[in-house]
Amino acid sequence: MIYSHEVETMCPIAQGVAHGAAPIPEEAKWVKAKEIKDISGFTHGIGWCAPQQGTCKLTLNVKEGVIQEALVETIGCSGMTHSAAMAAEILPGRTILEALNTDLVCDAINTAMRELFLQIVYGRSQSAFSEGGLVVGAGLEDLGKGLRSQVGTMYGTLAKGPRYLEMTDGYVTKLALNADDEIIGYKFVNFGKMMDFIKAGDDANTAFEKAQGQYGRVDDAVKLVDPRKE
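Residues numbered from 1 in each chain as written. Predicted model: local features only at pLDDT ≥ 70, side-chain atom pairs only at ≥ 80, totals over all residues. Heavy atoms only, no water.

Engineer: Which residues make up the pattern of salt bridges, and what values do they have?
Structural biologist: Enumeration according to the criterion identifies 10 salt bridges in this entry. Here Glu27 makes a salt bridge to Lys63, at a shortest N to O gap of 3.1 Å. Note that Glu27 is positioned in the loop between β1 (24-26) and β2 (29-31) and Lys63 in strand β4 (residues 55-63), a separation of 36 residues in sequence. Judged by relative accessible area, which is 22%, Lys63 ranks as partly exposed. (Salt bridge = Lys/Arg side-chain N within 4 Å of Asp/Glu carboxyl O. Helix = DSSP H or I, 4+ residues; strand = E, 2+ residues; numbered from the N terminus. Buried < 20%, exposed > 50% of the residue type's maximum accessible area, 1.4 Å probe, protein only.)

In structure tokens, the structure reads:
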């Protein structure tokens, strides 16, 4: 250790206050975190790239400083899906400090990692008060059946009004309109369920019919329109 001349000539004075780190909540315990291995938690966060053309939702499950589980969801940029594929290989097994200083290929994913790092090391994780934390695999629970991200895609113009394209329920096939041309419901097909039916042996047409559903007052509609063609 090299000291400046000014410091070298100072007289030593004892540090009387040494309470250590303030405890943070981790998996229903209060922890004074001093090292990376002291950090555990499950949390979500989002990141964005510099031109803000896409975003990433990142979910991490950290046990004793090491990432055990990572869910990488992206939207808005075609290249981000390939970046997410690489990030999913990179993240598990790294400490959160390593992951923070690793190129996760896409700026949006890197930014999400930064935001999650801050949440976790400050004790703001989703599992802060969950005894034992969340099991590895909990990241998939938000996806539901079919293991598909929950995506909402809507479009609207002043000239022609709104178009619902995709909801959490699934891909919107028809919009239900009343006599005033207002949307009162929609029909949809759930692609996750459809693929499960196909894998179980149904032909595509049968699976498509079985995976359909509707929401709202579809039965009261004056007309049904295809949001992508009409």
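We are not done yet, so read on.
Engineer: Before we move on, could you go through unusual backbone geometry and cite the residues and values that matter?
Structural biologist: A positive phi is found at Gln52, a non-glycine position, where the angle reads about 55°. We note that Val105 has phi near 80°; this positive angle belongs to a residue other than glycine. With respect to the helices and strands, the residue Val105 is situated in the loop between α3 (96-100) and α4 (107-121). Relative accessible area serves as the criterion here: at 37%, Val105 is assigned to the partly exposed category.

Engineer: Describe a nonpolar patch on the surface, naming the residues involved and giving the relevant values.
Structural biologist: Together, Met1, Tyr3, Val7 and Met10 make up a nonpolar patch on the protein surface, roughly 520 Å² of accessible area in all. Along the chain, Met10 turns up in the loop between α1 (5-8) and β1. According to the relative accessible area criterion, Met10 is exposed, its value standing at 56%. (Patch = residues over 30% accessible without salt bridge, like charges linked within 9 Å, V, L, I, M, F, W, Y side chains within 5 Å. Areas by Shrake-Rupley, 256 points an atom, 1.4 Å probe, with all protein chains shown as cover.)

Engineer: With reference to specific residues and values, describe the packing of aromatic side chains.
Structural biologist: One pass over the full model with this rule turns up five aromatic pairs. Pairing Trp30 with Phe129 gives two aromatic rings, centres 6.4 Å apart and planes at 70°, and the pair type is edge-to-face. Residue Trp30 is found in strand β2, and its partner Phe129 is found in the loop between α4 and β6 (153-157); the two are separated by 99 residues along the sequence. Among the residues examined, Trp30 registers a relative accessible area of 61% and is labelled exposed. (Phe/Tyr/Trp six-rings, centres within 6.5 Å; stacked < 30°, edge-to-face > 60°.)

Engineer: Any details on the side chain of Thr59? Residues and values, ideally.
Structural biologist: Inspection of the secondary structure puts Thr59 in strand β4. For Thr59, a relative accessible area of 2% puts it in the buried group. One polar contact links Thr59 to His44, side chain to side chain, over a distance of 2.9 Å. Other than its neighbours up to four places away in sequence, Thr59 contacts Phe42, Thr43, His44, Glu69, Ala70, Leu71, Leu116 and Gly139. (Polar contact = N/O pair within 3.5 Å; in protein donor to acceptor, adjacent residues only side chain to side chain. Contact = heavy atoms within 4.5 Å.)

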